[in-house]
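What follows is the residue order along each chain.
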Amino acid sequence: MTAHGNNPSPFPQELGIHVFQRGWLSSNSTLIRGSDHNALVDSGYHCHSAQMVELVDKVLGDSPLQLLLNTHLHSDHCGGNAALQRRYPGLQTAIPPGMAEAVAEWDTEVLTYGPTGQECEPFGFDRLLEPGDSLQLGDAMWEIHGAKGHDPHSIVLFQRTHGILVSADALWENGFGVVFPELEGEDAFHEVAQTLDIIERLGPRIVIPGHGAVFTDVAAALARARSRLDQFIEHPERHLRHALKVLLKFRLLAWRQIALVDLERWAIDTPYLSRHMPEPGCITDANRQWLQSLIGELERAGVAATIDGYLVDR
């Protein structure tokens, strides 16, 4: 985990920005301190929630956290919400509007935690982040912009005066997040393109991505993202294969290791994986071979290994 916020920093000191970069299981989290107002954008995955609280406490000291925002409600961006709400009883939580009803009813199917085989501790919310609105974070005003594609309800945050963008998973230095609507049979690659166009029009000078390091060469990042998108549009099966491996690797990051027999059962019970199996809904030789092919690709990439009947994270 790395953090930015004290000089030297890419951010103007008066903005009070601290970025906690925490790998791929937990999203980056951006803490914005103000003279009388502190805000946090995204809270990571649930198994890192204690770490999230400790990081915020370390920076804020005796000062409270007043506002928690989520760019979108994938489990790696909001898994620490409940722990932060317990730590700061007066905390206001703001989420994009598209999933408000699902959060209120805690519908894990609509929220996709069930279909992706992921976990998230239930939390509540107080406000909605409406695209087109602005809000104060710390001592500065930030714009809210819709950012469909990776998630149909995602938003990004833009501080226009200093050209700083919190891009979530809409733009990384080398690509963007899995386009999850495509896994549900919905056409969404065009929405990724529209979001990249929005980011280009905003013209940010500094980007805080959902994962990976803060970066400033935005034009190059946009070019790489568009090239990747073009490849997925031309060969959608590549995106599907990539997405399935991402789902498997993500859970392996949390497990660290899992018996292959347990992995088979998890895969069968996880709709985003099982619906793409040769024989959905049951453990068969064909499905084992299909799952093994995914494992083999992770192993060849050097990010997993099979040892004594276990799949082990690398």
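What you see is a predicted model; the values in this text were computed from it and never measured.

J.: What's the story with the sheet that holds strand β12 (residues 206-209) in this structure? I'm lost.
T.: Each strand in a sheet pairs with another by means of backbone hydrogen bonds, the pair being arranged parallel or else antiparallel. Strands sit in the order β8-β9-β10-β11-β12 across an open sheet of 5 strands; the sheet is mixed. Each end of this open sheet is capped by a strand with a single partner; those strands are β8 (134-137) and β12. Here the strands of the sheet are splayed against their neighbours by 30 degrees on average, with no regard to which way each runs. The sheet contact formed by strand β9 (residues 140-146) and strand β10 (residues 155-159) spans 4 bridges and is antiparallel.

J.: What exactly am I supposed to notice about the nonpolar core here?
T.: Across soluble globular proteins, you tend to see nonpolar side chains buried next to one another. Judged by nonpolar contacts, the single largest core of 23 residues is most densely connected at Ile 17, Leu 69, Leu 137, Trp 142 and Leu 157. Every element with two or more residues in this core is listed here: β2 (17-21), β4 (38-41), β5 (67-69), β8, β9, β10, β11 (164-168) and β12. Of the residues forming this core, the biggest block, 3 residues, is contributed by β9. Filtering out sequence-adjacent residues up to four positions away, Leu 69 remains in contact with Ala 39, Leu 40, Val 41, Asp 42, Ala 94, Leu 129, Leu 135, Leu 137 and Leu 157. Core analysis: the second largest hydrophobic core is formed by 22 residues, Val 179, Ala 188, Val 192 and Val 207 among them.

J.: What exactly am I supposed to notice about the sheet that holds strand β13 (residues 257-259) here?
T.: Pairing is antiparallel in the open sheet, where 3 strands are placed in the order β13-β15-β14. Both outer strands of the open sheet, β13 and β14 (304-307), are each paired with one neighbouring strand and no more. Strand-to-strand twist of the sheet, defined as the mean angle between neighbouring strand axes without regard to direction, takes the value 20 degrees. Note: β13 against strand β15 (residues 310-313), 3 bridges, orientation antiparallel. In the strand pairing of β15, Gln 257 is matched with Val 312.

J.: Is there a simple way to think about the packing of helix α9 (residues 260-269) against helix α11 (residues 285-300) in this case?
T.: To describe two helices that pack against each other, one gives the angle between their axes and the distance between the axes. The N-to-C vectors of α9 and α11 enclose an angle of 105 degrees; their axes lie 11 Å apart at closest approach. One element, α9, and the other, α11, form an angle in the roughly perpendicular class. Counting all contacts with α9, which are made through Leu 260, Leu 263, Glu 264, Ala 267 and Ile 268, the residues of α11 involved are Asn 287, Arg 288, Leu 291 and Ile 295. By residue class, the composition of the contact of α9 with α11 is 6 nonpolar, 1 polar and 2 charged.

J.: How should I be thinking about the side chain of Arg 251 in this particular structure?
T.: For Arg 251, the location among the structural elements is in helix α8 (residues 236-255). A relative accessible area of 6% places Arg 251 in the buried class. Only 3.3 Å separates the side chain of Arg 251 from the side chain of Glu 119, close enough to count as a polar contact. Ignoring anything within four residues of it in the chain, the contact list for Arg 251 reads Tyr 45, Gly 117, Gln 118, Glu 119 and Trp 266.

J.: Just checking my understanding: could you explain helix α7 (residues 218-234) for this structure?
T.: Taking 1.5 Å per residue as the helical rise, α7 with its 17 residues ought to reach 24 Å, and the 24 Å between its terminal C-alpha atoms agrees with that figure. All buried positions along α7 are accounted for by Val 218, Ala 221, Leu 222, Ala 225, Leu 229 and Phe 232. The arc that holds the buried residues of α7, viewed along the axis, is 95 degrees, so those residues lie on one side. Of the residues in α7, the exposed ones pointing more than 90 degrees away from the buried face are Ala 219 and Glu 234. Buried residues along α7 sit against α6 (189-202), β12 and α8.

J.: Any chance you could explain the packing of aromatic side chains here in plain terms?
T.: Two numbers describe a pair of aromatic rings. These are the distance of the centres and the angle of the planes. If you walk through the whole model with that rule in mind, you get 8 aromatic pairs. Taking 6.4 Å as the distance between ring centres and 20 degrees as the angle between the ring planes, the aromatic pair formed by Phe 189 and Phe 232 counts as stacked. A residue pair is termed long-range when its members are at least 10 positions apart, and Phe 189 in helix α6 and Phe 232 in helix α7 qualify at 43 residues. The same class applies to Phe 189 as to Phe 232, namely buried. Ring geometry for Trp 255 against Trp 266: centres 5.1 Å apart, planes inclined by 85 degrees, an arrangement best described as edge-to-face. Taken together, the residues span a long stretch of sequence, with Trp 255 in helix α8 and Trp 266 in helix α9 at a distance of 11 residues. Taking relative accessible area as the criterion, Trp 255 reaches 23% and is therefore assigned partly exposed. Overall, the relative accessible area of 12% leaves Trp 266 in the buried class.

Procedures and definitions
Residues numbered from 1 in each chain as written. Predicted model: local features only at pLDDT ≥ 70, side-chain atom pairs only at ≥ 80, totals over all residues. Heavy atoms only, no water. Pairing = 2+ DSSP bridges. Helix = DSSP H or I, 4+ residues; strand = E, 2+ residues; numbered from the N terminus. Axes fitted to C-alpha atoms, helices over the stretch in contact; angles between N-to-C directions. Core = buried A, V, L, I, M, F, W, Y, C linked by side-chain atoms within 4.5 Å. Buried < 20%, exposed > 50% of the residue type's maximum accessible area, 1.4 Å probe, protein only. Contact = heavy atoms within 4.5 Å. Parallel < 35°, antiparallel > 145°, perpendicular 65-115°, else oblique. Nonpolar A, V, L, I, M, F, W, Y, C, P; charged D, E, K, R; others polar. Polar contact = N/O pair within 3.5 Å; in protein donor to acceptor, adjacent residues only side chain to side chain. Expected span 1.5 Å × (residues − 1). Arc of directions from axis to C-beta. Phe/Tyr/Trp six-rings, centres within 6.5 Å; stacked < 30°, edge-to-face > 60°.

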